[in-house]
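Below, each chain spelled out in residue letters.
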Amino acid sequence: MFAIGDFARHGRVSIRMLRHYDAIGLLRPAHVDPATGYRHYTAAQLARLNRIIALKDLGFTLHQVHEIIDGTLSTGELRGMLRLRRAELAASVAEATARLVQVEARLNAIESEGHMPTNDVVLKSVPAVRVAALTATAASYQPEDIGPVIGPLYDELCRRLETAGVTPTGPGIAWYEDAPEGRITVHAGMTVSVAPGAGDFEVRDLPAVGQAATIVHRGSMDAVVPTGQALARWIDGNGFRAAGYPREVTLECPEDRDRWVTELQAPVTAA
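Residues numbered from 1 in each chain as written. Predicted model: local features only at pLDDT ≥ 70, side-chain atom pairs only at ≥ 80, totals over all residues. Heavy atoms only, no water.

Draft legend 1. Region of the structure containing the nonpolar core. Counting 21 residues, the largest nonpolar core has Ile150, Leu157, Leu161, Val186 and Phe201 as the members making the most contacts within it. Listing elements by their share of this core, those giving two or more residues are strand E5 (129-138), helix H6 (143-163), strand E6 (172-178) and strand E7 (184-191). When residues no more than four places from it in sequence are discounted, the contact partners of Leu157 are Ala132, Ala133, Leu134, Ala188, Gly189, Met190 and Phe201. In this structure, Tyr21, Tyr41, Ile53 and Met81 belong to the second largest nonpolar core, which totals 17 residues. (Core = buried A, V, L, I, M, F, W, Y, C linked by side-chain atoms within 4.5 Å. Buried < 20%, exposed > 50% of the residue type's maximum accessible area, 1.4 Å probe, protein only. Helix = DSSP H or I, 4+ residues; strand = E, 2+ residues; numbered from the N terminus. Contact = heavy atoms within 4.5 Å.)

Draft legend 2. Quick look at the side chain of Thr214. Positionally, Thr214 belongs in strand E9 (residues 209-218). Of the residues examined, Thr214 reaches a relative accessible area of 2% and is grouped as buried. Those residues in contact with Thr214, other than ones at most four positions away along the chain, are Asp120, Val121, Val122, Lys124, Leu231, Glu263, Leu264 and Gln265.

Draft legend 3. Spotlight on the environment of Glu144. If you trace the backbone, Glu144 turns up in helix H6. A residue is classified by how much of its surface remains accessible, and Glu144, at 37% relative accessible area, is partly exposed.

Draft legend 4. Fine view of the packing of aromatic side chains. What the rule picks out here adds up to three aromatic pairs. With a centroid separation of 4.5 Å and 10° between ring planes, the pair formed by Phe7 and Tyr41 is classed as stacked. Taken together, the residues Phe7 in helix H1 (residues 4-11) and Tyr41 in strand E3 (residues 39-41) connect sequence positions 34 residues apart. The burial state of Phe7 is the same as that of Tyr41; both residues are buried. Centroid distance Trp234 to Phe240: 5.6 Å. Interplanar angle 10°. Geometry classified as stacked. Just above the ring of Trp260 sits the side chain of Arg257; from NZ or CZ to the centre is 4.7 Å. (Phe/Tyr/Trp six-rings, centres within 6.5 Å; stacked < 30°, edge-to-face > 60°. Lys NZ or Arg CZ within 6 Å of the ring centre and 35° of its normal.)

Draft legend 5. Quick look at the UniProt feature "domain: HTH merR-type" (unreviewed entry) in the protein chain. UniProt records the feature "domain: HTH merR-type" (unreviewed entry) for residues 1-71 in the present numbering. Counted over residues 1-71, helix gives 54% and strand 10%. Its end C-alpha atoms are 26 Å apart. (UniProt positions renumbered as here; feature names shortened; annotations may be inferred.)

Draft legend 6. Highlighting the state of the cysteines. Enumeration according to the criterion identifies zero disulfides in this entry. Counting only cysteine sulfurs, Cys158 is the nearest neighbor of Cys253, a cysteine outside any disulfide, at a range of 8.3 Å. (Disulfide = S-S within 2.5 Å.)

Draft legend 7. Seen up close, the packing of helix H3 (residues 45-57) against helix H4 (residues 62-69). Contact pair H3 / H4: the axes reach a minimum separation of 10 Å and the direction vectors enclose 135°. By the angle between their axes, H3 is oblique relative to H4. In terms of crossing hand, the pair formed by H3 and H4 is right-handed. Contacts from Arg48, Arg51, Ile52, Leu55 and Lys56 of H3 reach H4 at Leu62, Val65, Ile68 and Ile69. (Axes fitted to C-alpha atoms, helices over the stretch in contact; angles between N-to-C directions. Parallel < 35°, antiparallel > 145°, perpendicular 65-115°, else oblique. Left-handed = near helix turned anticlockwise from the far one by under 90°.)

Structure representation (structure tokens):
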């Protein structure tokens, strides 16, 4: 048998943790000296300890670990718990990945400060265009708030266009407007040539823009911050000011989001 200190070293856990597991009945010592109260464990108990640590690292509570290890859960209940935890972990990984993308975008924006784009920005007029659109609300302009709203909007819009037998005649066009309480109205549109009432979506004519400062963003829109800020610096540094809400025109959108090509169009007027 091993003294509690030796067992803790072999199990790579703390003595305090072993004492807690004993107190709650999760991992009892194989023997307790009646005279000294010293706890002793066998090597075979390392298997139970490993299972406890593995399940705890998966995010299960000690009460749930107790039920799993001692078999008080049915197979179906255990399967359900594991599937739920798998989904929670997958969501955490996705959230962390998205956060890393945002950190990288902000880092790129910081590194590009002071570098005024020259050939990247094009000043041009934008013709009027008819779009079929769906609208929803996002918490803010942050990509992590916009993305979960506009993605499903486009999925639903494409489904409704297909149901109505409407084929888009041009690119997708997204635009955003300020809403009460700091929220953002998100519009997801597709270029069409149908009359209003053609389906379960709004048909509206976006007006022509006499002057728009435009720049092409290559890559996922989750990383659009540096491109958008480069455009803002160009507008400010070339004697212009904003004259309306900008638009995002999707030029290419393959399965790989990192290969997307999007034109940012910012209406401007002379300052």
